[in-house]
Amino acid sequence: MHVRPNVGGKKASGVLELHANGLRFQAPRGERLDLIFSNIKLALFQAAEKEIIVLLHFHLRDPIMIGKKKTKDVQFY
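A short tour of the structure in this document, coming up. (Residues numbered from 1 in each chain as written. Predicted model: local features only at pLDDT ≥ 70, side-chain atom pairs only at ≥ 80, totals over all residues. Heavy atoms only, no water.)

With respect to the side chain of glutamine 75
Within the element layout of this structure, glutamine 75 appears in strand β7 (residues 69-76). Given the relative accessible area of 17%, glutamine 75 is considered buried. A distance of 3.1 Å separates the side chain of glutamine 75 from the side chain of histidine 57, its partner in a polar contact. Residues contacting glutamine 75, with those up to four places away along its chain left out, are His2, Val3, Arg4, Leu55, Leu56 and His57. (Helix = DSSP H or I, 4+ residues; strand = E, 2+ residues; numbered from the N terminus. Buried < 20%, exposed > 50% of the residue type's maximum accessible area, 1.4 Å probe, protein only. Polar contact = N/O pair within 3.5 Å; in protein donor to acceptor, adjacent residues only side chain to side chain. Contact = heavy atoms within 4.5 Å.)

Describing the packing of aromatic side chains
For the coordinates displayed, the defined rule picks out two aromatic pairs. Residues phenylalanine 25 and phenylalanine 76 carry aromatic rings whose centres are separated by 5.8 Å and whose planes lie at 45° to one another, so their mutual orientation is tilted. Taken together, the residues span a long stretch of sequence, with phenylalanine 25 in strand β3 (residues 22-26) and phenylalanine 76 in strand β7 at a distance of 51 residues. Take phenylalanine 25 and phenylalanine 76: they sit in the same class, and that class is buried. On the numbers, 6.0 Å between centres and 70° between planes, the contact of phenylalanine 58 with phenylalanine 76 is edge-to-face. Of the two residues, phenylalanine 58 is situated in strand β6 (residues 55-66) and phenylalanine 76 in strand β7; the sequence distance between them amounts to 18 residues. Cluster of aromatic residues (ring-pair linked, three or more members): Phe25, Phe58 and Phe76. Residue placement shows arginine 4 over the ring face of tyrosine 77; its charged tip is 4.4 Å from the ring centre. (Phe/Tyr/Trp six-rings, centres within 6.5 Å; stacked < 30°, edge-to-face > 60°. Lys NZ or Arg CZ within 6 Å of the ring centre and 35° of its normal.)

Right, here's the structure in full:
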C-alpha cells in the first residue's frame, strides 16, 4: 500500500492498520502517519472496477503535517 502525499519525501510501500481510534500507516523505514477518526470529515472508497488500483481517500477537518507541508487530503492506494 502507498500513501499520497508521500511520507518522508519518497514513495514507499507500507502497512495500513485499523485501530480503535484511527488509522496508522507505517513505512518500512520507520515513518508513521496517524489519522484519528475524529479528524476525518469524509471518507471515500473506490473499488478496482475497470481501474488498476483500489483507492481510499480521506478529507480531514483540520490539516495535518506530512513532511513539511500541511494537507487536508490523504489517499491510500
